Amino acid sequence: MILHINGQTTDVPSDIYTLEDFAEWRGIPEKGTAIAVNARLVKRENWPAVTLKDLDSLTVISAAFGG
């Protein structure tokens, strides 16, 4: 499957079905990260229920700490 992740076209393994699968595959931490699918923010608790489709656009934003 092909996904657009933060503007980059990425080939994703075929066993990635949900947003939760994607987050685990990319090593995205549960806390301090927001993910939008096709410009719609998805709450962390809904990641397991969101099914990804070919050519979906994901925006991953991680909080940065420090000064």
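Everything below is about the structure shown above.
All values reported here derive from a predicted model rather than from experimental measurement.

Novice: Got a sec to walk through the sheet that holds strand E5 (residues 57-62)? Specific residues and values, please.
Specialist: Strands sit in the order E2-E1-E5-E3-E4 across an open sheet of five strands; the sheet is mixed. Bordering the open sheet on either side are strand E2 (8-11) and strand E4 (40-42), each of which pairs with just one other strand. On average, each strand axis in the sheet is tilted by 35° relative to the strand beside it, whichever way the strands run. Of the strand pairs in this sheet, strand E3 (residues 33-37) and E5 are connected by five bridges, and their pairing is antiparallel. By the bridge assignment, Ala34 is partnered in E5 with Ile61.

Conventions and cut-offs
Residues numbered from 1 in each chain as written. Predicted model: local features only at pLDDT ≥ 70, side-chain atom pairs only at ≥ 80, totals over all residues. Heavy atoms only, no water. Pairing = 2+ DSSP bridges. Helix = DSSP H or I, 4+ residues; strand = E, 2+ residues; numbered from the N terminus. Axes fitted to C-alpha atoms, helices over the stretch in contact; angles between N-to-C directions.

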